[in-house]
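Chain and residue survey
So the chains spell out like this:
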Amino acid sequence: MKDKKINQVVKSNRLNEHVQLQVLSLPEIRLVQLAVIDARETNRGLTSDTPLRISGARYAEMFNTTLQNAYQLMQQAEEQLFERKFSYIDSEGIKVKSRWISQVRYLKGEGSIELIFSPAVVKEITRLDGKINFYTEYTIEQTAPLENVYSIRLYEMLIQWRSTGSLPICEYERLKGQLGVDDSKYRYKDGRHKKGDFKVKVLQKAVDEINKLTDLTVRFQNVKKGTSVYGYKFSFHIPKPVAPPKTPSWQTKGLTIKQIGKIGCKYESIKEFVEANNTPELLKAGGAASNATYTEVFESWKLLLGSKEHVNKFKRIQEFLDRQPNTA
């Protein structure tokens, strides 16, 4: 089993919340995710001059693809990622422009890629260092199945608000930027917004994929000013993991005298239980005569029912134990 902690991605909320992205392709996003994991877990730490190496084998395993396809996707990402830029609002409210990485190279002979994050990204992506409230944590296992880049970006935005289960109202144009949707898309020729198309083709598709493939269940709705859609309100929850049912103690220890008595409390119950378990193996194990009555057969089984080695050979035990006594 993979160590979930190892595959935990940590990004700064400031970067997630305020970044205005030129859309990264899916392979580029996945490279960044793997690099973030390496940056967080390496003993050398994350610096703006230390290369982070990602192998094609690791990419293939994490994202469930072939080794050959992983190499091709990584090479494609290497050719594009260096040119990518973004901007974000720093702690002083000033817009900062940066590249994602300052250096990248594809090691063809080794089937690996090496990249170095830019200084701005180094400041924002780091180890947790106890800053639970400031950093977004999400597992790459959750986003790995996602094929839509907008789904991944929306997941990142949502998960940083896991403690409240809802985002502050997302204003339309700001949300487009946060998701990396080109400003010219979903507009009429006169410049007016096609908010209906954006909702259906971007938001609804992303929400549907997140709901289907991750641990989040997401809902969203329009927020209006007058008759015009101003933005969107997102709410979500992470279902609590369902605890596996506890194994009844009788399955590992055998039935107690009281439990055996409950099954054999009435003749009708004895008859039904014996008929449900009337096999040559159990009849022989109990040692009852071939012409024994239902009650005699049940009596011959009491030692077997109290034995952890034999009790699980009987059928419907829990059903009989769960029955309420008929007091009529």
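On to the packing of aromatic side chains, then. Both the distance between ring centres and the angle between the ring planes are used here to describe each pair of aromatic rings. Scanning all chains against the criterion turns up twelve aromatic pairs. An angle of 70° between the planes, with centres 6.1 Å apart, marks the rings of tyrosine 186 and phenylalanine 198 as edge-to-face. In this pair, tyrosine 186 is assigned in the loop between α8 (172-179) and α9 (195-213) and phenylalanine 198 in helix α9, connecting sequence segments twelve residues apart. On the basis of relative accessible area, tyrosine 186 is assigned to the buried category, the value being 14%.

On to the environment of lysine 262, then. With respect to the helices and strands, lysine 262 occurs in helix α11 (residues 257-263). Placed 61 residues apart in sequence, lysine 262 and arginine 323 show a C-alpha to C-alpha distance of 9.1 Å. Not counting chain neighbours up to four residues away, the residues in contact with lysine 262 comprise Phe320, Leu321 and Arg323.

Before going further, it helps to examine the sheet that holds strand β3 (residues 52-55). In space, the three strands of this open sheet follow the order β3-β7-β6, with antiparallel pairing throughout. Sheet topology places β3 and β6 (101-107) at the edges, where each strand pairs with a single neighbour. Recorded for the sheet is a direction-independent mean angle of 20° between the axes of neighbouring strands. Relative to strand β7 (residues 112-117), β6 runs antiparallel, the two being bridged by six bridges. Bridging from a neighbouring strand, tyrosine 106 pairs with isoleucine 113 of β7. The sheet strands contacting helix α4 (residues 67-81) are β3, β6 and β7, and the helix crosses β6 at an angle near 145°.

You will see that asparagine 64, though not glycine, has its phi angle at about 55°, which is positive. For asparagine 64, the location among the structural elements is in the loop between α3 (56-62) and α4. Despite not being glycine, arginine 316 shows a phi value in the positive range, around 65°. Here arginine 316 lies in the loop between α14 (294-305) and α15 (317-322). Assessed through its relative accessible area of 34%, arginine 316 is described here as partly exposed.

Calculation rules
- Residues numbered from 1 in each chain as written.
- Predicted model: local features only at pLDDT ≥ 70, side-chain atom pairs only at ≥ 80, totals over all residues.
- Heavy atoms only, no water.
- Phe/Tyr/Trp six-rings, centres within 6.5 Å; stacked < 30°, edge-to-face > 60°.
- Helix = DSSP H or I, 4+ residues; strand = E, 2+ residues; numbered from the N terminus.
- Buried < 20%, exposed > 50% of the residue type's maximum accessible area, 1.4 Å probe, protein only.
- Contact = heavy atoms within 4.5 Å.
- Pairing = 2+ DSSP bridges.
- Axes fitted to C-alpha atoms, helices over the stretch in contact; angles between N-to-C directions.

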